[in-house]
Amino acid sequence: MREESKSNRWLTAALLAPTSIWFLLMLILPLIVILVFSFGERSALGGYGGGFTFEHYLNLPARFKAFQNTMTFAPVGTLLCLLVAYPLAYYLALKVNRRYKLILLVLVIIPFWTSLLVRTYAWIFILGGRGIPVLLEWIGFEGVRLINTPGAVLIGIVYGYLPLMVFPIYVSLDKLDKSLLEASDDLGGSPYKTFMQITLPLSMPGVATGCMLVFILLMGEFLIPAFLGGGKVFFIGNALVDLFLQSRNWPFGSAVSVTLVVIMLITVSFYMRMALRNKTGRDESLM
Amino acid sequence: MRIYIISVYLFLYVPIGIIVLFSFNAGRHASELRGLSVQWYGKALSNPFVGDAFVTSLIVALSVAILSSLMGTAAALALQRLKGTPRVLFDGLIYIAIMIPGIVIGIATLVALVTVFKFLNPLLASIWPEGVNPPKLSMGYFSVIAAHTLFTMSLVIILVRARIAGMDRALIEASMDLYATPWGTFYQVTLPQIFPAILAGFLLSFTFSFDDFIISFFVAGPNTTLPIYIFSSIRRGITPEVNAIGTMVLVGSLFLLMTAQFLLRKRTRPKD
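Rules of the game
- Residues numbered from 1 in each chain as written.
- Chains lettered and ligands numbered in written order.
- Predicted model: local features only at pLDDT ≥ 70, side-chain atom pairs only at ≥ 80, totals over all residues.
- Heavy atoms only, no water.
- Helix = DSSP H or I, 4+ residues; strand = E, 2+ residues; numbered from the N terminus.
- Buried < 20%, exposed > 50% of the residue type's maximum accessible area, 1.4 Å probe, protein only.
- Contact = heavy atoms within 4.5 Å.
- Areas by Shrake-Rupley, 256 points an atom, 1.4 Å probe, with all protein chains shown as cover.
- Lys, Arg positive; Asp, Glu negative; His and termini not counted.
- Charge placed at Lys NZ, Arg CZ, Asp CG, Glu CD.
- Rg over C-alpha atoms; globule rule 2.2 N^0.38 Å.
- pLDDT = per-residue confidence, 0-100.
- Patch = residues over 30% accessible without salt bridge, like charges linked within 9 Å, V, L, I, M, F, W, Y side chains within 5 Å.
- Salt bridge = Lys/Arg side-chain N within 4 Å of Asp/Glu carboxyl O.
- Expected span 1.5 Å × (residues − 1).
- Buried area = accessible area lost by both parts, 1.4 Å probe.
- Polar contact = N/O pair within 3.5 Å; in protein donor to acceptor, adjacent residues only side chain to side chain.
- Axes fitted to C-alpha atoms, helices over the stretch in contact; angles between N-to-C directions.
- Parallel < 35°, antiparallel > 145°, perpendicular 65-115°, else oblique.
- Left-handed = near helix turned anticlockwise from the far one by under 90°.
- Phe/Tyr/Trp six-rings, centres within 6.5 Å; stacked < 30°, edge-to-face > 60°.
- Lys NZ or Arg CZ within 6 Å of the ring centre and 35° of its normal.
- Disulfide = S-S within 2.5 Å.
- Nonpolar A, V, L, I, M, F, W, Y, C, P; charged D, E, K, R; others polar.

Caption draft 1: Quick peek at the overall build of chain B. Looking only at helices and strands, chain B features 11 helices and 0 strands. Starting at the N terminus, the α and β elements of chain B follow one another as α-α-α-α-α-α-α-α-α-α-α. Along the longest, intermediate and shortest principal axes, the C-alpha atoms of chain B span 70 × 70 × 30 Å. Looking at chain B as a whole, 51% of its 272 residues qualify as buried. Here the contacts in chain B between residues at least 6 apart in sequence split such that 71% fall between residues at least 24 apart. For chain B, the accessible area works out to roughly 13400 Å², and carbon and sulfur atoms hold 70% of it. Computed over 19 positive and 11 negative side-chain charges, the separation of the two mean positions in chain B equals 4 Å.

Caption draft 2: Looking closely at the overall build of chain A. A count of helices and strands for chain A gives 12 helices and 0 strands. Over its C-alpha trace chain A gives a radius of gyration of 24 Å, far above what one expects of a compact globule, namely 19 Å for 287 residues. Overall, the C-alpha framework of chain A stretches about 85 × 75 × 30 Å when taken along its three principal axes. For chain A, the proportion of its 287 residues judged to be buried stands at 51%. Intrachain contacts of chain A at a sequence separation of at least 6 include 72% that bridge at least 24 residues. Just so you have it, chain A exposes about 14100 Å², and 67% of that area is on carbon and sulfur atoms. The centroid of the 22 positive side-chain charges in chain A is displaced by 2 Å from the centroid of its 15 negative side-chain charges.

Caption draft 3: Layout of the confidence of the model for chain A. All names here are of chain A. Residues at a pLDDT of 70 or more form 95% of chain A, whose mean pLDDT is 87. Taken element by element, the predicted model of chain A shows its lowest mean pLDDT in helix α6 (residues 132-138) (81) and its highest in helix α3 (residues 64-95) (95). Note that pLDDT drops below 50 for residues 280-287; the model gives that stretch 22 contacts with residues more than four away or on any other chain.

Caption draft 4: Broad picture of a nonpolar patch on the surface. A contiguous nonpolar patch, built from Phe54, Val55, Leu58, Ile59, Leu62, Ile66, Leu70 and Tyr141 of chain B and spanning about 680 Å² of accessible area, is present on the exposed surface. Take the nonpolar patch: its biggest share by element is 7 residues, from helix α3 (residues 48-79) of chain B.

Caption draft 5: Inspection of helix α4 (residues 84-99) of chain B at higher detail. Taking 1.5 Å per residue as the helical rise, α4 of chain B with its 16 residues ought to reach 22 Å, and the 23 Å between its terminal C-alpha atoms agrees with that figure. Of all the positions in α4 of chain B, only Phe90, Asp91, Leu93, Ile94, Ala97, Ile98 and Met99 of chain B are classed as buried.

Caption draft 6: Examining the interface of chain B and chain A more closely. Each partner contributes residues to the interface: chain B has 83 residues there, and chain A has 73 residues. Summing both partners gives a buried area of about 7000 Å² for chain B against chain A, and 84% of it is carried by carbon and sulfur. When the buried surface of chain B facing chain A is broken down by residue, Tyr9, Phe11 and Met99 of chain B rank first, second and third, together holding 9% of it. Summed over the shared surface of chain B and chain A, the number is 0 salt bridges. Applying the counting criterion to the chain B and chain A interface returns 9 residue pairs in polar contact (both at pLDDT 80 or more). The element contributing the most residues to the side of chain B that touches chain A is helix α1 (residues 2-23) of chain B, with 13 residues.

Caption draft 7: Representation of a negative patch on the surface within the structure. Taken together, the side chains of Asp177, Glu182, Asp185 and Asp186 of chain A define an acidic patch exposed on the protein surface. In this structure, Asp186 of chain A sits in helix α8 (residues 178-186).

Caption draft 8: Looking closely at the pattern of salt bridges. Residues and elements named next belong to chain A. Summed over all chains, the structure comprises 4 salt bridges over all chains. For Arg63, the salt bridge goes to Asp242, with nearest N and O atoms at 3.2 Å. With a gap of 179 residues between them, Arg63 in the loop between α2 (55-58) and α3 and Asp242 in helix α11 (residues 236-246) connect regions that are remote in the sequence. Judged by relative accessible area, Asp242 falls into the partly exposed class, the value being 22%.

Caption draft 9: Molecular detail of the side chain of Thr199 of chain A. Along the chain, the position of Thr199 of chain A falls in helix α9 (residues 191-219). Those residues in contact with Thr199 of chain A that lie beyond four places of it in its chain are Tyr86, Tyr90, Leu94, Leu173, Leu176, Leu181 and Thr194 of chain A.

Caption draft 10: Here's a closer look at the environment of Gln197 of chain A. Relative to the helices and strands, Gln197 of chain A is located in helix α9. As for Gln197 of chain A and Leu181 of chain A, which are separated by 16 residues in sequence, their C-alpha atoms are 10.0 Å apart.

Caption draft 11: Inspection of the packing of α3 of chain A against helix α7 (residues 150-175) of chain A at higher detail. Residues and elements named next belong to chain A. Taken N-terminus to C-terminus, the directions of α3 and α7 make an angle of 45°; their axes are 6 Å apart at the nearest point. The orientation of α3 relative to α7 falls into the category oblique. The hand of the α3/α7 crossing is right-handed.

Caption draft 12: Highlighting the packing of aromatic side chains. Scanning all chains against the criterion turns up 31 aromatic pairs over all chains. Here the aromatic rings of Phe23 of chain A and Phe90 of chain B are separated by 6.2 Å at their centres, their planes lie at 65°, and the arrangement is edge-to-face. Residue Phe23 of chain A is located in helix α1 (residues 2-38), and its partner Phe90 of chain B is located in helix α4; the two belong to separate chains. The residues Phe23 of chain A and Phe90 of chain B share a single accessibility class, namely buried. Ring centres 5.4 Å apart and planes at 70° place the aromatic pair Trp123 of chain A and Tyr159 of chain A in the edge-to-face group. With a gap of 36 residues between them, Trp123 of chain A in helix α5 (residues 116-127) and Tyr159 of chain A in helix α7 connect regions that are remote in the sequence. One exposure class covers both Trp123 of chain A and Tyr159 of chain A, and it is buried. The side chain of Lys43 of chain B reaches across the aromatic face of Trp40 of chain B, ending 4.9 Å from its centre.

Caption draft 13: View of the state of the cysteines. The tally for this structure, following the rule as stated, stands at 0 disulfides over all chains. Sulfur of Cys81 of chain A: no disulfide; nearest cysteine sulfur belongs to Cys211 of chain A and is 8.7 Å away.

Caption draft 14: Spatial organisation of α11 of chain A. Summarising burial for α11 of chain A: 8 of the 11 residues are buried, a large majority. On its buried side, α11 of chain A packs onto α3, α10 (223-229) and α12 (250-277) of chain A together with α5 (102-127) and α9 (214-219) of chain B.

Caption draft 15: Summary view of the environment of Ala180 of chain B. By the element assignment, Ala180 of chain B lies in the loop between α7 (169-177) and α8 (182-211). Other than its neighbours up to four places away in sequence, Ala180 of chain B contacts Ser175 and Thr185 of chain B.

Caption draft 16: Quick peek at the packing of α11 of chain A against α12 of chain A. Residues and elements named next belong to chain A. Running from amino to carboxyl end, α11 crosses α12 at an angle of 160°, the nearest separation of the two axes being 9 Å. In terms of their interaxial angle, α11 and α12 are classed as roughly antiparallel. As α11 runs across α12, the sense of the crossing is left-handed. Touching Ile236, Leu240, Leu243 and Phe244 of α11 are Trp250, Phe252, Gly253, Ser254, Val256, Ser257 and Leu260, all from α12. Here the contact of α11 with α12 is built from residues that sort into 8 nonpolar, 3 polar and no charged.

Listed below in structure tokens is the structure:
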């Protein structure tokens, strides 16, 4: 018996070994390295020059605009996604005929798993000089610019992340005990009251999960502002690409990355605490 | 309500439709539709850069999918036996790997590997026998595959673990009672039950890796993956050729996703 539990332990360790090595070399080590870099001097070629300095953290205001944009567009984009997604999830979970439910749901999820690059690029096409502005010219609005505006970036955000918001909300609405809705109806609750007092509170776990997923992804977004913001609306992600690949200042770039991760961790843990306090701590699966 | 739902679906699919429509453009300019033809598909397929980028993406995505489904499944099986601190530690790492933005993973991997290589290369050169060229470690296939696998492996762990949790324990106990060896039980009872999740994980990993731009952009070194190629072509200007490549990418990932969805539903949906 003793012998068997020992071999079992070896088996567990062996099964976990590759994953552990991966986490160590590809997650923990890189995170430690950028942390160290962020406190180092900048070398002549833009790399790490050793030493210990807070210079890069003090220099963060130089990229204030990128932080400000990210911290504005991420919450606003998340909220817009939620506003567009909720009615759709509600419809899919509670109103639609069983027969079409699955196909309609799959149609929502599919775009999320196809190339965001190609899908965002489609909007350059639509909002660009020969897209919608041409149509607007026909009906009399001349010289409207749509691309490279905050609005274009927001459209891109909603387009890109809508599926990710719909799915968790759908899951929590779908699990909802339908007899509660009937009970409310029988007791004379108006549809509005039923929604506000039963449906909405019970779908909060899904709303919380969806918002968190979209918010996290938006914090690190690069493609949408790069394509649709055209240098006017840029996020931290765009600043990072510039710092690492164009203007080459790795220690400063590392400080920006570390700050991004710290902001994310603070926001997410704050958010989780709020969600838990509202008794919405139930796990919603990602898939 | 119905009008709203229809317009959301239009919002989701019209842009994709436009890309597909304009990829069949017979004209030379991307934004003027002049008759239909498949000439841009021919152009795209015979462009050696597109071919190379496609092959690179394929090699990377296949390696990522194989590695993550093997390692992720092994870890998911082991994690169910693990308790206490190691378990909490692993769960934490999995969530961090999934949560950290791709761009930070790309940057951190780039910085860490460049640093490690700068240290390892002279070391390798010094211990290598005289007259033989020492290997020179640099960014390339290995770094992209490793960085993608970090995320996709965690994804597979979550998928397979959910499947294991939903599994009927009685079957395993029955198999043990009937004196099956642990390996026999695994092969004949556990594996068939978790297989749909593994396969779905494989396909999702493949799709993620094949579509990823930002991580590859930082760590691919001299290699060009298909998304990197598309990104730089778009930067140079929109051509119908890009539309044709984009359409092919969309159709390819759509096909894989349908397969993944089908496999996941087959097992996870209770009988209606």
